[in-house]
Amino acid sequence: MNPLESKPANELLLIAIGNDARQDDGLGWAFGQAMEAGKGFRGAVVYRYQLQVEDALLIAGYRTVLFVDACREELPMGFEFTPLKADADFGFTTHQLSPATVLALSRQLYGAAPQAFLLKISGTAWALERGLSKAGAQNLASALKEAEALQGAKK
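For the structure given in this document, a descriptive report is provided here. Predicted model only: the values in this text are computed from it and were never measured.

1. Notes on the overall build of the protein
- If you tally the helices and strands in the protein, you get 4 helices and 5 strands.
- Going from N to C terminus, the protein has its helices and strands arranged as β-α-β-α-β-β-α-β-α.
- The proportion of buried residues among the 155 residues of the protein is 47%.
- A fraction of 77% describes how many contacts in the protein between residues 6 or more apart in sequence connect residues 24 or more apart.
- Of the accessible surface of the protein, which amounts to about 8,200 Å², a share of 51% is contributed by carbon and sulfur atoms.

2. Observations concerning helix α3 (residues 99–110)
- Between the first and last C-alpha of α3 there are 16 Å, a value that for 12 residues agrees with the 16 Å anticipated at 1.5 Å per step.
- Taken as a whole, α3 has its buried residues at P99, A100, T101, V102, L103, A104, L105 and S106.
- Taken together, the buried residues of α3 touch β1 (12–17), α2 (55–60), β3 (64–71) and β5 (115–122).
- Among the residues trailing α3, G111 stands out with phi positive, at a value near 65°.

3. Focus: the layout of surface pockets
- Roughly 290 Å³ of internal volume is contained in the largest pocket.
- Lining the largest pocket are 16 residues, with I17, D69, Q96, L97 and P99 sitting closest to its centre.
- Of all the secondary structure elements, the ones that give two or more residues to the lining of the largest pocket are β3 and β5.
- Ranked by residues supplied to the lining of the largest pocket, first place goes to β3 with 3 residues.

4. Regarding the sheet that holds strand β2 (residues 44–48)
- Taken together, the 5 strands give an open sheet; going across it, the order is β2-β1-β3-β5-β4, and neighbouring strands pair in mixed fashion. Of all the strands in the sheet, the pair left with one neighbour each is β2 and β4 (79–83). Strand-to-strand, the axes of this sheet are offset by a mean angle of 20°, without reference to chain direction.
- When β4 meets β5, the two strands line up antiparallel, connected through 5 bridges. Bridging from a neighbouring strand, E80 pairs with K120 of β5.
- Packing against the sheet, helix α1 (residues 27–37) makes contact with β1, β2, β3 and β5, and its axis sits at approximately 145° to β1.

5. Examining the nonpolar core
- Ranked by size, the top nonpolar core spans 21 residues in total, and within it L14, F31, L66, V68, L119 and I121 carry the most contacts.
- For this core, the elements supplying multiple residues, two or more each, are β1, α1, β3, β5 and α4 (134–153).
- Here this core takes 5 residues from α1, the largest share from any one element.
- Ignoring sequence-local partners within four residues, the contact set of F31 consists of L14, L66, V68, L119, I121, L140, A143, L144 and A147.
- Within the second largest apolar cluster, 18 residues are counted, among which are L13, L51, A56 and V65.

6. Considerations on the packing of aromatic side chains
- All told, the structure shown has 3 aromatic pairs when counted by the stated rule.
- Here W29 and Y49 contribute two aromatic rings whose centre-to-centre distance is 5.0 Å and whose plane-to-plane angle is 50°, an arrangement assigned as tilted. Of this pair, W29 sits in helix α1 while Y49 sits in the loop between β2 and α2, and the two are 20 residues apart along the sequence.
- With a centroid separation of 6.1 Å and an interplanar angle of 80°, the aromatic rings of F79 and F81 are classed as edge-to-face.
- Aromatic rings pair up to connect W29, Y47 and Y49 into one cluster.

7. Some details on the side chain of S133
- Within the secondary structure, S133 sits in the loop between β5 and α4.
- Classification of S133 as buried rests on a relative accessible area of 12%.
- Separated by 2.6 Å, the side chains of S133 and D24 make a polar contact.
- At 2.9 Å, the side chain of S133 and the backbone nitrogen of G136 are in polar contact.
- Discounting chain neighbours no more than four positions away, the residues touching S133 are D24, T124 and A125.

The rules behind these values
Residues numbered from 1 in each chain as written. Predicted model: local features only at pLDDT ≥ 70, side-chain atom pairs only at ≥ 80, totals over all residues. Heavy atoms only, no water. Helix = DSSP H or I, 4+ residues; strand = E, 2+ residues; numbered from the N terminus. Buried < 20%, exposed > 50% of the residue type's maximum accessible area, 1.4 Å probe, protein only. Contact = heavy atoms within 4.5 Å. Areas by Shrake-Rupley, 256 points an atom, 1.4 Å probe, with all protein chains shown as cover. Expected span 1.5 Å × (residues − 1). 1 Å grid on protein atoms, 1.4 Å probe; cavity = no way out; pocket = protein on both sides within 12 Å on 5 of 7 lines; lining within 4 Å. Points joined across faces, edges and corners; volume = space filled by probe spheres on them. Pairing = 2+ DSSP bridges. Axes fitted to C-alpha atoms, helices over the stretch in contact; angles between N-to-C directions. Core = buried A, V, L, I, M, F, W, Y, C linked by side-chain atoms within 4.5 Å. Phe/Tyr/Trp six-rings, centres within 6.5 Å; stacked < 30°, edge-to-face > 60°. Polar contact = N/O pair within 3.5 Å; in protein donor to acceptor, adjacent residues only side chain to side chain.

Below you can see the structure in the form of structure tokens.
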């Protein structure tokens, strides 16, 4: 399955999660901005500090959703694309939801089950400061190169 194959704009939603004022926590936003600025991306991009219950309604209107977020784990390629399954995992609070929980809510509340993927990009620095770390920027570049290859695969 290719989450970035060429589709009409109303069929693909990229949700960039993070905070660009906290170094590598901004990797999701940086990915979204690069995709919007690049050629060949046909989809909508929204930016979130964190996912909320309201995002279940947002994703219900799309066929494919790609959630992009930074992670603290060191991934072999610096990033990881994985298919996402709905999982209503509510913890202590619903203030911050996982992508799998938003997907489950979309199905439960709106009967919508978009095909969903998660792109995790490894980060190493999380201070209250603008700008990506060197390692984060390298991992972002690798993820963008893979995204470009995925887009080119369907052209």
